[in-house]
Amino acid sequence: MTAEPTRLDPIPAPGPAPAGTELGAAGGAERPRAAVRVAAPTERSNPTSADLDLMSTREVLRVINEADSRVPVAVAAVHDEVVTAVELAVTALRAGHRVHYFGAGTSGRLGVLDAAELSPTFNSPDHWFRAHLAGGPDAMWRPVEDAEDDAPAGHAEAQSAVRAGDLVVGLAASGRTPYVLGALRAARALGASTVLLCANPGAPAAGEVDVFIGIDTGPEVVTGSTRMKAATAQKLVLNAFSTAVMVRLGRVYSNLMIDMVATNAKLRGRMISILIEATGCTEDVAEQALTEADGDLKAALVSLVSGAGVEDARAALARSAHRVRDALALLAS
């Protein structure tokens, strides 16, 4: 799915207006919608996929896979910038503020997906991460005409939702999406920290944000289709970013998701497995500890490791900002 239009053909006349044409009151074609030729690496043609339509299925998949294999290397090159963004998010959340994602099209949908997955995985409060999608909820399923070009809408959305001390992450494959830049500019004026995550290392807006994460994913296999490498890179960064934030906030013990919400049989079984792996106890002991803790995995874990009762484990967790290692240190002392 193309993030921004790069060309608009002349309107034929007579005949029905083509897609991308504004209609007059009587239904006749009046003028084409505004067109922007985007100077971003994602809009260039990829020579390795020339004549893609003449290739066999195996060849098409090979070209796509070889292109995708370069994405993790490109993401590794922006490691330091992601580190800075994580620290900004941790600082904001510890101070009672929020993290916002603002995006359009595929980029915006990835922001919605990342925010939605944090509560079931880490039991994070719903208000910690907020996703804002150009065009509103309907844009999750279908394109909303010109929504990404609406800078005033992004500005207004940020003004209504963002507060000083928050962190705002703009998601835009090209780095120039008006809705996203409108939100970032409003957020910065409100006193929020700002991050721009894109697939254009030369984006002019780089100097307008506190942290610029420009990933060099290069031309797409299907020219301009930023749902491919650019989106894969954004997904990798968002996964790493939000997971690192949760780790730093004590939502992981060792490499175990100790704040997970058990909403089905598989996840209830995972809770038992986590207790067994973390403590070396038997399955029966793990089940009993969970029962005594009323399904509170973190309290059950602290109780088993420390030997303290469940209520003492809960009290230690409350005194240590619900960080397991800190609670164990309190009980040991």
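Note: the structure precedes this text.
None of the values given here were measured: they were computed from a predicted structure. (Residues numbered from 1 in each chain as written. Predicted model: local features only at pLDDT ≥ 70, side-chain atom pairs only at ≥ 80, totals over all residues. Heavy atoms only, no water.)

**A short note on the overall build of the protein**
Thinking step 1. Looking only at helices and strands, one finds twelve helices and seven strands in the protein.
Thinking step 2. Counting the 333 residues in the protein, one finds 44% classified as buried.
Thinking step 3. In the protein, the proportion of contacts linking residues at least 24 apart, taken out of those at least 6 apart, comes to 64%.
Thinking step 4. In the structure as shown, the protein presents an accessible area of about 16500 Å², 53% of it carried by carbon and sulfur atoms. (Helix = DSSP H or I, 4+ residues; strand = E, 2+ residues; numbered from the N terminus. Buried < 20%, exposed > 50% of the residue type's maximum accessible area, 1.4 Å probe, protein only. Contact = heavy atoms within 4.5 Å. Areas by Shrake-Rupley, 256 points an atom, 1.4 Å probe, with all protein chains shown as cover.)

**Digging into the nonpolar core**
Thinking step 1. In this structure, Val99, Tyr101, Phe129, Ile213, Ile215, Phe241 and Val245 are the most contacted members of the largest nonpolar core, which totals 35 residues.
Thinking step 2. Elements that contribute at least two residues to this core include exactly helix 2 (71-76), helix 3 (79-94), strand 3 (99-103), helix 4 (105-122), strand 5 (167-171), strand 6 (193-198), strand 7 (211-214) and helix 7 (229-248).
Thinking step 3. Not counting the four nearest positions on each side in its chain, Val99 is found in contact with Ala89, Leu93, Trp128, Phe129, Arg130, Leu167, Val169 and Phe241.
Thinking step 4. With 26 residues, the next largest nonpolar core counts Tyr253, Met271, Ala286 and Leu290 among its residues. (Core = buried A, V, L, I, M, F, W, Y, C linked by side-chain atoms within 4.5 Å.)

**Things to note about helix 12 (residues 324-332)**
Thinking step 1. Here helix 12 has its buried residues at Val324, Ala327 and Leu328. Across the axial projection of helix 12, the buried residues extend over an arc of 100 degrees, all falling on one side.
Thinking step 2. In this structure, the buried side of helix 12 is in contact with helix 10 (297-306) and helix 11 (310-319). (Arc of directions from axis to C-beta.)

**Some words on the packing of helix 9 (residues 283-292) against helix 10**
Thinking step 1. Packing of helix 9 against helix 10 leaves a shortest axis separation of 8 Å and a crossing angle of 120 degrees. In terms of orientation, helix 9 lies oblique with respect to helix 10. In terms of crossing hand, the pair formed by helix 9 and helix 10 is right-handed. Here Val285, Ala289 and Leu290 of helix 9 lie close against helix 10, whose contacting residues are Leu297, Ala300 and Leu304.
Thinking step 2. Counted by class, the contact of helix 9 with helix 10 contains six nonpolar, no polar and no charged residues. (Axes fitted to C-alpha atoms, helices over the stretch in contact; angles between N-to-C directions. Parallel < 35°, antiparallel > 145°, perpendicular 65-115°, else oblique. Left-handed = near helix turned anticlockwise from the far one by under 90°. Nonpolar A, V, L, I, M, F, W, Y, C, P; charged D, E, K, R; others polar.)

**Looking at unusual backbone geometry**
Thinking step 1. At Asp51, a position not held by glycine, the phi torsion is positive, near 60 degrees.
Thinking step 2. One non-glycine residue, Ala321, lies in the positive phi region at around 55 degrees.
Thinking step 3. Here Ala321 shows up in the loop between helix 11 and helix 12.

**Focus: the sheet that holds strand 3**
Thinking step 1. Reading across from one edge, 4-3-5-6-7 is the order of the five strands in this open sheet, with parallel pairing throughout. At either margin of the open sheet sits one strand with a lone partner, and together these are strand 4 (129-133) and strand 7. Each neighbouring strand pair of the sheet contributes to a mean axis angle of 15 degrees, computed without reference to strand direction.
Thinking step 2. Two strands pair when backbone bridges link them, and strand 6 and strand 7 are joined in this way by four bridges, in the parallel orientation. The residue bridging Leu197 from the neighbouring strand is Ile213, located in strand 7.
Thinking step 3. Strand contacts of helix 4: strand 3, strand 4 and strand 5, with the helix running at about 155 degrees to strand 4, the strand carrying the most contacts. (Pairing = 2+ DSSP bridges.)

**Let's talk about the pattern of salt bridges**
Thinking step 1. According to the stated counting rule, one finds twelve salt bridges in the structure shown.
Thinking step 2. Asp166 is the partner of Arg98 in a salt bridge, and the nearest nitrogen-oxygen pair spans 4.0 Å. With a gap of 68 residues between them, Arg98 in the loop between helix 3 and strand 3 and Asp166 in the loop between helix 5 (151-161) and strand 5 connect regions that are remote in the sequence.
Thinking step 3. By relative accessible area, which is 18% here, Arg98 ends up buried.
Thinking step 4. One continuous salt-bridge network, built from bridges that share partners, spans Asp294, Asp296, Glu311 and Arg314. (Salt bridge = Lys/Arg side-chain N within 4 Å of Asp/Glu carboxyl O.)

**Examining the side chain of Glu220**
Thinking step 1. When you line up the elements, Glu220 lands in the loop between strand 7 and helix 7.
Thinking step 2. There is no salt bridge for the buried Glu220, and the closest opposite charge comes from Lys229, which lies 5.2 Å off by N-O distance.
Thinking step 3. A polar side-chain atom of Glu220 sits 2.8 Å from the main-chain amide nitrogen of Lys229.
Thinking step 4. Once residues within four sequence positions are removed from consideration, Glu220 is found in contact with Thr42, Arg44, Asn46, Ser49, Ser225, Thr226, Met228, Lys229 and Ala230. (Lys, Arg positive; Asp, Glu negative; His and termini not counted. Polar contact = N/O pair within 3.5 Å; in protein donor to acceptor, adjacent residues only side chain to side chain.)

**Side note on helix 8 (residues 265-279)**
Thinking step 1. A rise of 1.5 Å per residue sets the reference length of helix 8, with its 15 residues, at 21 Å; its end C-alpha atoms lie 22 Å apart and thus fit the reference within 8%.
Thinking step 2. Taken as a whole, helix 8 has its buried residues at Leu267, Met271, Ile272, Ile274 and Leu275. Looking straight down helix 8, one finds that the buried residues subtend no more than 155 degrees of arc, so they occupy a single side. In helix 8, those exposed residues whose orientation departs by more than 90 degrees from the buried face are Ala265, Lys266 and Glu277.
Thinking step 3. Immediately downstream of helix 8, the backbone of Gly280 shows phi near 80 degrees, a positive value. (Expected span 1.5 Å × (residues − 1).)

**Overview of the side chain of Ser320**
Thinking step 1. Of note, Ser320 is situated in the loop between helix 11 and helix 12.
Thinking step 2. Only 2.8 Å separates the side chain of Ser320 from the backbone oxygen of Ala316, close enough to count as a polar contact.
Thinking step 3. Separated by 3.4 Å, the side chain of Ser320 and the backbone nitrogen of Ala327 make a polar contact.
Thinking step 4. Look past the residues within four positions of Ser320 in its chain and what remains in contact with it is Asp326, Ala327 and Leu330.

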